Amino acid sequence: ACVLVWLITIFSLMVVHTGICLSNPQISRIQGLNVLVRSDISTVKEEQVTLLCGGGSGHEPAHAGYLGHGMLAGAVLGNVFASPPVHAILAAIRVCAGSKGVLLIIKNYTGDRLNFGMATERARAEGIKIEMIVVDDGKLTCCRLNCNNSLCQCCVVCGNAYEAASSSSIVV
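Bear in mind the structure is a predicted one, so any value in this text is a computation, not a measurement.

Student: Any chance you could explain the pairing of strand β4 (residues 74–80) here in plain terms?
Tutor: A regular strand places its side chains so that they alternate between the two faces of the sheet. With 5 of its 7 residues buried, β4 lies for the most part within the structure. Looking at chain direction, strand β3 (residues 50–57) and β4 are connected through 6 bridges and run parallel. Directly across from Leu-52, in β4, lies its bridge partner Gly-74.

Okay, structure coming up:
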(Lines give C-alpha, C1' and ligand atoms only; values in the text may rest on other atoms or scores of the structure.)
Protein backbone atom coordinates (compact mmCIF):
# COMPACT_ATOMS: atom_id res chain seq x y z
CA ALA A 1 0.00 0.00 0.00
CA CYS A 2 2.85 2.42 0.80
CA VAL A 3 4.47 1.77 -2.58
CA LEU A 4 1.17 2.43 -4.34
CA VAL A 5 0.70 5.73 -2.48
CA TRP A 6 4.27 6.72 -3.35
CA LEU A 7 3.76 5.90 -7.06
CA ILE A 8 0.49 7.83 -7.17
CA THR A 9 2.17 10.80 -5.50
CA ILE A 10 5.09 10.81 -7.97
CA PHE A 11 2.70 10.48 -10.93
CA SER A 12 0.56 13.31 -9.53
CA LEU A 13 3.60 15.58 -9.26
CA MET A 14 4.53 14.91 -12.88
CA VAL A 15 0.98 15.78 -13.92
CA VAL A 16 0.99 18.97 -11.81
CA HIS A 17 4.33 20.16 -13.20
CA THR A 18 3.32 19.30 -16.76
CA GLY A 19 -0.03 21.02 -16.15
CA ILE A 20 1.71 24.19 -15.01
CA CYS A 21 3.68 24.28 -18.26
CA LEU A 22 0.63 23.53 -20.40
CA SER A 23 -1.47 26.19 -18.70
CA ASN A 24 1.25 28.85 -18.87
CA PRO A 25 3.31 29.12 -22.06
CA GLN A 26 5.73 31.43 -20.22
CA ILE A 27 7.03 28.44 -18.23
CA SER A 28 9.13 25.57 -19.61
CA ARG A 29 10.39 22.36 -18.07
CA ILE A 30 13.96 21.09 -18.32
CA GLN A 31 13.68 17.70 -20.00
CA GLY A 32 13.83 14.78 -17.56
CA LEU A 33 14.01 16.91 -14.42
CA ASN A 34 11.53 18.53 -12.06
CA VAL A 35 12.92 21.94 -12.95
CA LEU A 36 10.72 24.72 -14.30
CA VAL A 37 12.13 27.92 -15.81
CA ARG A 38 10.79 31.02 -17.49
CA SER A 39 10.50 30.42 -21.25
CA ASP A 40 12.40 33.66 -21.87
CA ILE A 41 15.31 32.58 -19.64
CA SER A 42 17.93 33.07 -22.38
CA THR A 43 17.07 36.79 -22.51
CA VAL A 44 16.43 37.28 -18.78
CA LYS A 45 19.74 35.77 -17.65
CA GLU A 46 21.72 38.30 -19.69
CA GLU A 47 19.72 41.29 -18.42
CA GLN A 48 19.60 40.67 -14.68
CA VAL A 49 20.59 38.50 -11.75
CA THR A 50 18.35 35.44 -11.95
CA LEU A 51 16.55 34.06 -8.92
CA LEU A 52 16.16 30.34 -8.29
CA CYS A 53 14.18 28.72 -5.54
CA GLY A 54 13.25 25.19 -4.72
CA GLY A 55 12.46 22.50 -2.25
CA GLY A 56 10.14 19.60 -1.72
CA SER A 57 6.82 19.46 -3.51
CA GLY A 58 3.69 19.63 -1.44
CA HIS A 59 4.14 23.32 -0.63
CA GLU A 60 2.31 24.53 -3.74
CA PRO A 61 2.04 27.23 -4.92
CA ALA A 62 5.53 27.70 -3.48
CA HIS A 63 8.37 27.46 -5.95
CA ALA A 64 6.62 26.84 -9.29
CA GLY A 65 3.87 29.32 -8.43
CA TYR A 66 6.43 32.09 -7.99
CA LEU A 67 7.86 31.96 -11.53
CA GLY A 68 7.49 35.07 -13.67
CA HIS A 69 8.35 38.74 -14.13
CA GLY A 70 9.56 40.37 -10.95
CA MET A 71 9.91 37.00 -9.24
CA LEU A 72 11.73 33.73 -9.93
CA ALA A 73 13.51 32.71 -13.12
CA GLY A 74 13.48 29.04 -12.13
CA ALA A 75 12.14 26.54 -9.61
CA VAL A 76 13.72 23.22 -8.65
CA LEU A 77 11.19 20.75 -7.30
CA GLY A 78 11.88 17.72 -5.15
CA ASN A 79 9.54 14.88 -4.32
CA VAL A 80 6.91 15.44 -1.65
CA PHE A 81 8.59 17.07 1.37
CA ALA A 82 12.05 16.08 0.09
CA SER A 83 14.80 18.34 -1.15
CA PRO A 84 15.56 18.18 -4.87
CA PRO A 85 18.71 16.25 -5.82
CA VAL A 86 21.99 18.13 -6.32
CA HIS A 87 22.17 17.25 -10.05
CA ALA A 88 18.74 18.84 -10.69
CA ILE A 89 19.69 21.98 -8.76
CA LEU A 90 22.98 22.25 -10.64
CA ALA A 91 21.16 21.80 -13.98
CA ALA A 92 18.81 24.66 -13.07
CA ILE A 93 21.74 26.87 -12.05
CA ARG A 94 23.51 26.18 -15.36
CA VAL A 95 20.38 27.00 -17.39
CA CYS A 96 19.66 30.20 -15.43
CA ALA A 97 23.24 31.46 -15.02
CA GLY A 98 24.08 34.53 -17.04
CA SER A 99 26.75 37.18 -16.84
CA LYS A 100 25.14 38.84 -13.81
CA GLY A 101 24.85 35.68 -11.72
CA VAL A 102 22.30 33.63 -9.82
CA LEU A 103 20.74 34.10 -6.40
CA LEU A 104 19.36 30.96 -4.74
CA ILE A 105 16.57 31.48 -2.22
CA ILE A 106 15.91 28.45 -0.04
CA LYS A 107 14.00 27.54 3.08
CA ASN A 108 15.75 26.71 6.34
CA TYR A 109 15.37 22.95 5.95
CA THR A 110 18.38 20.69 6.46
CA GLY A 111 17.98 18.83 3.15
CA ASP A 112 17.63 22.07 1.19
CA ARG A 113 20.62 23.64 2.91
CA LEU A 114 22.76 20.59 2.16
CA ASN A 115 21.70 19.94 -1.45
CA PHE A 116 21.49 23.58 -2.55
CA GLY A 117 24.76 24.24 -0.71
CA MET A 118 26.56 21.43 -2.57
CA ALA A 119 25.14 22.61 -5.91
CA THR A 120 26.25 26.16 -5.10
CA GLU A 121 29.81 25.03 -4.41
CA ARG A 122 29.91 22.98 -7.63
CA ALA A 123 28.59 25.96 -9.62
CA ARG A 124 31.26 28.22 -8.09
CA ALA A 125 33.90 25.65 -9.06
CA GLU A 126 32.60 25.95 -12.65
CA GLY A 127 33.04 29.73 -12.49
CA ILE A 128 29.37 30.64 -12.09
CA LYS A 129 28.68 33.79 -10.09
CA ILE A 130 26.25 32.59 -7.38
CA GLU A 131 25.03 33.39 -3.87
CA MET A 132 22.52 31.64 -1.59
CA ILE A 133 20.21 33.06 1.05
CA VAL A 134 18.07 31.15 3.54
CA VAL A 135 14.51 32.09 4.45
CA ASP A 136 13.74 31.12 8.04
CA ASP A 137 10.32 31.08 9.69
CA GLY A 138 9.30 34.72 9.82
CA LYS A 139 12.66 36.20 8.84
CA LEU A 140 15.36 36.16 6.22
CA THR A 141 18.80 35.13 7.47
CA CYS A 142 22.15 36.01 5.89
CA CYS A 143 20.70 39.01 4.10
CA ARG A 144 20.63 42.78 4.56
CA LEU A 145 17.25 43.21 2.88
CA ASN A 146 14.38 44.19 5.12
CA CYS A 147 12.30 41.17 4.21
CA ASN A 148 10.07 39.77 6.94
CA ASN A 149 7.69 36.84 7.01
CA SER A 150 7.81 34.60 4.00
CA LEU A 151 9.44 32.96 1.05
CA CYS A 152 6.92 34.61 -1.27
CA GLN A 153 7.72 38.10 0.04
CA CYS A 154 11.42 37.41 -0.37
CA CYS A 155 10.93 36.29 -3.98
CA VAL A 156 8.88 39.40 -4.76
CA VAL A 157 11.27 41.84 -3.06
CA CYS A 158 14.42 40.31 -4.58
CA GLY A 159 12.83 39.69 -7.98
CA ASN A 160 11.58 43.23 -8.38
CA ALA A 161 14.85 44.68 -7.10
CA TYR A 162 16.94 42.73 -9.62
CA GLU A 163 14.55 43.32 -12.49
CA ALA A 164 14.69 47.09 -11.88
CA ALA A 165 18.43 47.22 -11.16
CA SER A 166 21.14 47.78 -13.71
CA SER A 167 23.77 46.38 -11.35
CA SER A 168 26.05 43.68 -12.62
CA SER A 169 26.57 42.10 -9.23
CA ILE A 170 24.60 40.04 -6.77
CA VAL A 171 23.74 42.12 -3.74
CA VAL A 172 22.69 40.07 -0.71
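Student: Looking at this structure, how should I read the pattern of salt bridges?
Tutor: One side chain can pair with another of opposite charge once the charged atoms of both are near each other. Within the structure shown, the criterion is met by 5 salt bridges. Residues Lys-107 and Asp-112 are paired through a salt bridge, measuring 3.8 Å at the closest nitrogen-oxygen approach. Exposure remark for Asp-112: the relative accessible area of 2% places this residue in the buried category. One salt bridge connects Glu-121 with Arg-124, and the closest N-O pair in it is separated by 2.8 Å. Of this pair, Glu-121 and Arg-124 both sit in helix α4 (residues 110–125), 3 residues apart, which is roughly one turn of that helix. Taking the relative accessible area as the measure of exposure, Glu-121 reaches 47% and is therefore partly exposed. Relative accessible area serves as the criterion here: at 35%, Arg-124 is assigned to the partly exposed category. Each of Glu-121, Arg-124 and Glu-131 takes part in salt bridges that share partners, so that together they form one network.

Conventions we followed
Residues numbered from 1 in each chain as written. Predicted model: local features only at pLDDT ≥ 70, side-chain atom pairs only at ≥ 80, totals over all residues. Heavy atoms only, no water. Buried < 20%, exposed > 50% of the residue type's maximum accessible area, 1.4 Å probe, protein only. Helix = DSSP H or I, 4+ residues; strand = E, 2+ residues; numbered from the N terminus. Pairing = 2+ DSSP bridges. Salt bridge = Lys/Arg side-chain N within 4 Å of Asp/Glu carboxyl O.

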